[in-house]
Amino acid sequence: MARKLYIKTYGCQMNVYDSARMADVLAPLGYAKTDSPEDADMVILNTCHIREKAAEKVFSELGHWRKRKEAGADLTIAVAGCVAQAEGEEILNRAPFVDMVVGPQAYHRLPELLAQAERHKGRKRLKAGATAPRLGVLDTDFPAESKFDHLPEALATPPGPVAFLAIQEGCDKFCTFCVVPYTRGAEFSRPPEAILAEAERLVAAGAREIALLGQNVNAYHGAAANGRIWSLADLLKELHRRHSAGSDAPRWRYTTSHPREMDEALIRAHGELEHLMPFLHLPVQSGSDAILKAMNRGHDAALYRDILRRLRAARPDIALSSDFIVGFPGESDKDFAATMQLVRDANFAQAYSFMYSARPGTPAALLPNQVAESVKDERLQALQELLREQQAGFNAAMAGRRVQVLLDRVGKKPGQLLGRSSYMQSVVIEAPTAGIGQMLEAEVTAGYLNSLIAQPVGGPDSNLGSGSLSDQEAA
């Protein structure tokens, strides 16, 4: 009898990719994914350490699964991801009922770790209020061999219309606010042959859009079998060469990028490659040179502005997104004003903004001149108001334009489908449910802060071919 696997994923798209690969690793052991956690035989919390109080949120979630064990469930509990990497021993000390703690570089070893955990199942069943012995299995090593060399080629479940493909992992930038170098390790780029093969499998399985992932994705420098080092531009050009023919050609994106790695070849690719989408997420974090230096970003605001200028010269219709941190230690009113001016100059289509919060073990947590919470909150509200104005304006300006929409999910109302435009906007379309997985041309009738309303060109049923997926197939 198949065992049921439930994975709860927090955080970034890399974690979404990792969760899918964990399901692939466990599928040969008879584990099938379920969306119903209450009847799962194994639960994996794939965690993220970026947000504030990330570890505490994990412990709160674990409390729910402890209750199931106390009630007599034969349940295997695993914690994976960046919180597992950063807090491995602490998790087992505070939650000894957890069976496995697995770092993001070790999940390919899940079958072996699961076997070790099963050998510990001889312990007494938990009773309410009882203290479990600390028998959980811990693997947070950074192995010499890449995990990607040990992942199965077979996909446990079809990727759906939108798929993720990890090409690079880790970070050597050491921004003073960031935990990624400590939880994901040094920068590593997969060989191009492995990426091209995985892309072939995803396209064959029905993916219509593929996002290339990495903590510093544009720092990609994969070594081919012949010794040649490929850049991200090289990789995108080869993917485009192999998969650009025909009406089913997939769309391509990449995230997340660093300004220091936006070389001229990659910028030119945005103007040369038809199926590389006109949208780029390029975090800057601050518009102040003093704060950028304190963050150890390795670039100034002028370089960032110049990159945006060159991108728009290469692809005039490109839409841009970014990340911002307000209230970084030492940030003055003048520094914050510089950030606001950069936002006005850039005119982002969308962006993410956060108040600075200290991460234990990062250099910024030890910096003097920590900004008061009330000041951080006031600045964040002002920044978000400006960013909302820009996003709403970008979306409103789409009214009357035609966009290519990839339909990927069912809407809340009957006959309503949701999809993504080339610019990463959420698009609501009145169309039959048979259109899931289909690419169609639609005319935007209205643009709002968080979505567009559109109609298929030629009417509700236009451009929806017989090759589209049914609800059941898309699920």
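1. Re the overall build of the protein chain
- Secondary structure summary: the protein chain contains 13 helices and 21 strands in total.
- Taken over C-alpha atoms, the radius of gyration comes to 23 Å for the protein chain, in line with the 23 Å a tight globule of 475 residues would show.
- Taking the principal axes of the C-alpha coordinates as reference, the protein chain spans close to 65 × 60 × 50 Å.
- Looking at the protein chain residue by residue over its 475 residues, the buried ones come to 53%.

2. Let's talk about the pattern of salt bridges
- Counted under the stated rule, the structure contains 31 salt bridges.
- Note that Arg21 is salt-bridged to Asp24, the shortest N-O span being 2.8 Å. Within this pair, Arg21 and its partner Asp24 are both found in helix 1 (residues 13-26), separated by three residues, close to a single helical turn. With respect to burial, Arg21 and Asp24 carry one shared label: buried.
- The residue Asp408 makes a salt bridge to Arg409 at a minimum N-O spacing of 2.5 Å.
- Its relative accessible area of 27% is what places Arg409 among the partly exposed residues.
- The network of salt bridges with common partners includes Arg21, Asp24, Arg190 and Glu198.

3. Here's the deal with the sheet that holds strand 16 (residues 350-355)
- Read across the open sheet, the three strands follow the order 14-15-16; overall the sheet is parallel. The open sheet terminates on both sides in strands that have one partner only, identified here as strand 14 (279-281) and strand 16. Ignoring strand direction, the axes of neighbouring strands in this sheet form an average angle of 10 degrees.
- Here strand 14 pairs with strand 15 (residues 319-326) via three bridges, running parallel.

4. Re the packing of helix 8 (residues 264-272) against helix 10 (residues 301-314)
- Contact pair helix 8 / helix 10: the axes reach a minimum separation of 7 Å and the direction vectors enclose 35 degrees. For helix 8 against helix 10, the interelement crossing comes out right-handed. Packed against helix 8, whose contacting residues are Glu264, Ile267, His270 and Gly271, the element helix 10 presents Arg310, Leu311 and Ala314 at the interface.
- Looking at the contact of helix 8 with helix 10, its residues break down into three nonpolar, two polar and two charged.

5. What about the confidence of the model for the protein chain?
- Summarising the model, the protein chain shows a mean pLDDT of 88, and 91% of its residues fall at 70 or more.
- Segment residues 460-475: pLDDT under 50, and 32 contacts once partners within four positions in sequence are set aside and those in other chains are kept.

6. Some thoughts on unusual backbone geometry
- Thr255 connects to Thr256 through a cis peptide bond whose omega is 0 degrees.
- Here Thr256 lies in the loop between strand 13 (251-255) and helix 8.
- A positive phi is found at Asn347, a non-glycine position, where the angle reads about 55 degrees.
- Structurally, Asn347 can be placed in the loop between helix 11 (333-346) and strand 16.
- On the accessibility criterion, Asn347 (47% relative accessible area) is partly exposed.
- Its identity is not glycine, yet Asn369 carries a phi of approximately 60 degrees, on the positive side.
- Locating Asn369 in the fold gives a position in the loop between strand 16 and helix 12 (373-396).

7. With respect to helix 2 (residues 54-70)
- The first and last C-alpha atoms of helix 2 sit 25 Å apart over 17 residues, in line with the 24 Å expected at 1.5 Å per residue.
- Taken together, the buried positions of helix 2 are occupied by Ala54, Ala55, Val58, Phe59, Glu61, Leu62, Trp65, Arg66, Arg68 and Lys69.
- On its buried face, helix 2 is in contact with strand 1 (3-9), strand 3 (42-47), strand 4 (76-81) and helix 3 (82-94).
- A positive phi of about 105 degrees marks Gly72, the residue just after helix 2.

8. Things to note about the pairing of strand 19 (residues 426-430)
- Counting buried residues along strand 19, four of its five residues qualify, which places the element largely inside the surrounding structure.
- Counting the residues that bridge the hairpin from strand 18 (residues 416-420) to strand 19 gives five residues, and of these Met424 lies at a positive phi of roughly 70 degrees.
- Where strand 19 and strand 21 (residues 452-456) come together, three bridges link them in parallel fashion. By the bridge assignment for strand 21, Ile429 is matched with Ala454.

9. Let's talk about the environment of Leu273
- Here Leu273 shows up in the loop between helix 8 and strand 14.
- Among the residues examined, Leu273 registers a relative accessible area of 9% and is labelled buried.
- Along the backbone, Leu273 and Leu236 are 37 residues apart, and their C-alpha atoms lie at a distance of 8.2 Å.

10. Brief notes about the side chain of His281
- Summarising the element assignment, His281 is placed in strand 14.
- Polar contacts involving the side chain of His281 include one to the side chain of Ser321, which spans 2.8 Å.
- There is a polar contact of 3.1 Å between the side chain of His281 and the side chain of Asp323.
- Excluding residues within four positions of it along the chain, His281 makes contact with Thr255, Thr256, Ser257, Ser321, Ser322, Asp323 and Tyr352.

11. Things to note about the sheet that holds strand 13
- If you trace the three strands from one edge of the open sheet to the other, you get 7-10-13, paired in parallel fashion. Of all the strands in the sheet, the pair left with one neighbour each is strand 7 (162-166) and strand 13. Across the sheet, the mean angle separating the axes of adjacent strands is 25 degrees when strand polarity is ignored.
- Bridge count between strand 7 and strand 10 (residues 209-213): five bridges; the pairing is parallel. Paired with Val162 across the strands is Glu209, a residue of strand 10.

Cut-offs applied
- Residues numbered from 1 in each chain as written.
- Predicted model: local features only at pLDDT ≥ 70, side-chain atom pairs only at ≥ 80, totals over all residues.
- Heavy atoms only, no water.
- Helix = DSSP H or I, 4+ residues; strand = E, 2+ residues; numbered from the N terminus.
- Rg over C-alpha atoms; globule rule 2.2 N^0.38 Å.
- Buried < 20%, exposed > 50% of the residue type's maximum accessible area, 1.4 Å probe, protein only.
- Salt bridge = Lys/Arg side-chain N within 4 Å of Asp/Glu carboxyl O.
- Pairing = 2+ DSSP bridges.
- Axes fitted to C-alpha atoms, helices over the stretch in contact; angles between N-to-C directions.
- Left-handed = near helix turned anticlockwise from the far one by under 90°.
- Contact = heavy atoms within 4.5 Å.
- Nonpolar A, V, L, I, M, F, W, Y, C, P; charged D, E, K, R; others polar.
- pLDDT = per-residue confidence, 0-100.
- Expected span 1.5 Å × (residues − 1).
- Polar contact = N/O pair within 3.5 Å; in protein donor to acceptor, adjacent residues only side chain to side chain.

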